[in-house]
Amino acid sequence: MISDDAAVTMQARIAALADFLGRHRRLLVLTGAGISTESGIPGYRDADGNWKGRKPIQHREYLDSHAVRQRYWARSMVGWPVVSRARPNAAHHALASLQHAGQVEMLVTQNVDGLHQAAGSTGVVELHGSIHFASCLSCGLRVSRQEVQHRLEARNPGFAGLTAAPAADGDARLERDDFDRVVVPDCLHCGGTLKPDVVFFGDSVPRERVEAVHAALARADALLVVGSSLMVYSGYRFCLAAVQQAKPIAALNLGMTRADGLLALKVSAPCGPALWQAVEALTGRTVPAGAGEAGGLAATP
Ligand SMILES: [Zn+2]
């Protein structure tokens, strides 16, 4: 039960956010894992910015180790059904509405789940790539992750049908001692190694992607951060650049961020309700509810 004081405080925060959105009409928007948790996709970090569970996969070890790829694809195969069924929530829809109202210079996300596009946002820059595709490291052939799933399930019937809590990178929290039996999918064209089109930890975001965001920031009048603790430099660097250009930063995030000392406005709240209320107050348009408390996916135990 939310107390009256807490309700008043939350309304004041939402009003402050609506005010910020009203005063800055060319926003660079940067989103992170926190915007997708209400769609059933868990984040990497808790409210204090600490790691939850095991560390995610490292780029170098994926390239170097067949055993690591076996473990990755086994877990990914088990986690995929939840990720592929996830639907955008009110926060994704609110940002799509804000874009349709002409207030978003560019929408940039650290997420690989595709939920902004599913909500109707366009021109989305996916800093860390997309979990919906995989590419061959030898010939570059790109295939849909759904197609890879069919092959994984056909070749690994002993792992098909398992359930495990999903992890942020489309992975799953699955512990087995028989990952060495997993048949990993290779490129059907050349037999090369397939890798999901995501930037693993230890790899870097392609330079042209970063430059496109910096160019958009130069045109923007403010930076809005939604659902990111900014612990990863790939997002944090845009906060540093905004400060250098004397552009204000607002952050909506449940918990601390690495940029708390740089912010003009901080709203510590779940993304969905705060954002759609602020956007509705600003645009006068109703934001679709989407997934969320009522319609969202529950994380599988
Ligand atoms: Zn190939």
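Note: the structure precedes this text.
What counts, and where the lines are drawn
The numbers attached to residues start from 1 for each chain and follow its sequence in the written order. Under the rules for a predicted model, residues below a pLDDT of 70 receive no local features and side-chain atom pairs below 80 are neither given nor counted, while totals for whole chains, interfaces and linings still include all residues. The basis for every side-chain value is the complete set of heavy atoms in the structure, and neither hydrogens nor water enter the calculation. In this description, a line fitted to the C-alpha atoms serves as the axis of each element, helices being fitted only across the stretch in contact, and the angle between N-to-C directions of two axes falls anywhere from 0 to 180 degrees. Every helix listed is a DSSP run of H or I at least four residues long, and every strand listed is a run of E at least two residues long, numbered separately from the N terminus. Between 65 and 115 degrees an angle is taken as roughly perpendicular, under 35 as roughly parallel, over 145 as roughly antiparallel, and anywhere else as oblique. By definition, any crossing whose near helix is turned counterclockwise from its far helix by less than a right angle is left-handed, and any crossing with a clockwise turn is right-handed. Should any heavy atoms of two residues lie within 4.5 Å, those residues are considered in contact. When residue character is reported, Ala, Val, Leu, Ile, Met, Phe, Trp, Tyr, Cys and Pro are called nonpolar, Asp, Glu, Lys and Arg charged, and the others, Gly included, polar. Accessible area is worked out with a 1.4 Å probe on protein chains only. A residue is then buried under 20% of its type maximum, exposed over 50%, and partly exposed in between. When DSSP finds two or more bridges between a pair of strands, those strands are recorded as paired. The path from the first strand over the helix to the second decides the hand: if it runs clockwise while the strands point away from the viewer, the crossover is right-handed. Note that water is not among the atoms used; donors are N, O and S atoms within 2.8 Å of the metal (3.2 Å for Na, K and Ca), so sites may look incomplete. Site shape is set this way: if four donors have all angles between 85 and 135 degrees, tetrahedral; if opposite donors are over 155 degrees apart and all others between 65 and 115, square planar for four donors and octahedral for six; otherwise irregular. Should a side-chain nitrogen of Lys or Arg be within 4 Å of a carboxyl oxygen of Asp or Glu, the pair is scored as a salt bridge. Helix span, expected: 1.5 Å multiplied by one less than the number of residues in the helix. Contacts described as polar in this section are N or O atom pairs within 3.5 Å, which, within protein, must combine one atom able to donate a hydrogen with one able to accept it, while residues neighboring in sequence count only if both atoms come from side chains.

Engineer: When you look at the packing of helix α3 (residues 66-85) against helix α6 (residues 145-155) in this model, what are you seeing that I'm missing?
Structural biologist: Helix-helix packing is characterised by the crossing angle of the two axes and by the distance between the axes. Two numbers describe how α3 lies on α6: the axes approach to 10 Å, and their chain directions differ by 125°. In terms of their interaxial angle, α3 and α6 are classed as oblique. The handedness of the crossing between α3 and α6 is left-handed. On the side of α3, the interface is formed by Trp73, Ser76, Met77, Trp80, Pro81 and Ser84, while α6 contributes Arg145, Gln146, Val148, Gln149, Leu152 and Glu153. Of the residues that constitute the contact of α3 with α6, the class distribution is 6 nonpolar, 4 polar and 2 charged.

Engineer: Got a minute to help me understand the pairing of strand β7 (residues 222-226) in this structure?
Structural biologist: The two faces of a sheet get side chains in turn, since along a regular strand they alternate between them. Judged by how many residues are buried, β7 sits mostly within the fold: 5 of 5 residues are covered. Neither face of β7 is open: one carries Ala222, Leu224 and Val226, the other Leu223 and Val225, and all of them are buried. Looking at chain direction, strand β1 (residues 27-31) and β7 are connected through 5 bridges and run parallel. Within the sheet, the bridge partner assigned to Leu27 lies in β7 and is Ala222. Tracing the backbone out of β7, into helix α8 (residues 233-244) and back to the parallel element strand β8 (residues 249-252) gives a crossover that is right-handed.

Engineer: What exactly am I supposed to notice about the coordination of the zinc ion here?
Structural biologist: Six octahedral donors around a metal ideally make angles of 90 or 180 degrees; four tetrahedral donors ideally make 109.5 degrees. Coordination of the zinc ion by the protein is provided by Cys136 (SG), Cys139 (SG), Cys187 (SG) and Cys190 (SG), with metal-donor distances spanning 2.3 to 2.4 Å. Geometry at the zinc ion is tetrahedral, judged from the 4 donor atoms that bind it and their angles of 100 to 118° at the metal. The sequence pattern formed by the donor residues of the zinc ion is C-x2-C-x47-C-x2-C. Taken as a pair, Cys136 in strand β4 (residues 129-136) and Cys190 in the loop between α6 and β6 (194-198) lie far apart in primary sequence, 54 residues in all.

Engineer: Sorry, what's going on with the pattern of salt bridges here?
Structural biologist: Opposite charge on two side chains permits them to pair, given that their charged atoms come into close proximity. Taken as a whole and judged by the stated rule, the model has 9 salt bridges. With a shortest N-O distance of 3.0 Å, Arg181 and Asp178 are connected by a salt bridge. Through salt bridges with shared partners, one network takes in Arg26, Glu105 and Arg219.

Engineer: Would you take a moment to explain the sheet that holds β6 for this structure?
Structural biologist: Whenever strands of a sheet pair, they do so through backbone hydrogen bonds, lying parallel or antiparallel. Spatially, the 3 strands line up as an open sheet ordered β5-β4-β6, and their pairing is antiparallel. At either margin of the open sheet sits one strand with a lone partner, and together these are β5 (142-144) and β6. The average angle at which neighbouring strand axes cross in this sheet is 40°, direction not considered. Where β4 lies against β5, 3 bridges are found, and the strand directions are antiparallel. In the sheet register, Phe133 faces β5, and the bridge partner there is Ser144.

Engineer: Sorry, what's going on with helix α9 (residues 271-283) here?
Structural biologist: For an α-helix, the turn length of 3.6 residues means that residues three or four places apart are oriented alike. The end-to-end C-alpha distance of α9, which contains 13 residues, comes to 18 Å, matching closely the 18 Å that a straight helix rising 1.5 Å per residue would cover. Downstream of α9 by one or two residues, Gly284 has phi in the positive range, about 70°.

Engineer: In this structure, what is going on with helix α4 (residues 90-100)? I would like to understand it.
Structural biologist: Of all the 11 residues making up α4, 10 are buried; the element is thus mostly covered by neighbouring parts of the structure. When α4 is considered as a whole, its buried residues turn out to be Ala90, Ala91, His92, His93, Ala94, Leu95, Ala96, Ser97, Leu98 and Gln99. Its side-chain oxygen at 2.8 Å from the backbone nitrogen of Ala91, Asn89 defines the N-terminal cap of α4. Of the residues flanking the end of α4, it is Gly102, one or two places downstream, whose phi is positive at about 85°.

Engineer: What is the right way to look at the side chain of His128 in this model?
Structural biologist: Mapped onto the elements of the fold, His128 is located in the loop between β3 (125-126) and β4. Among the residues examined, His128 registers a relative accessible area of 13% and is labelled buried. Leave out the neighbours within four places in its chain, and His128 touches Thr109, Gln110, Val112, Asp197, Val198, Val199, Val205, Arg209, Val232 and Ser234.

Coordinates in, geometry out; function isn't part of it.
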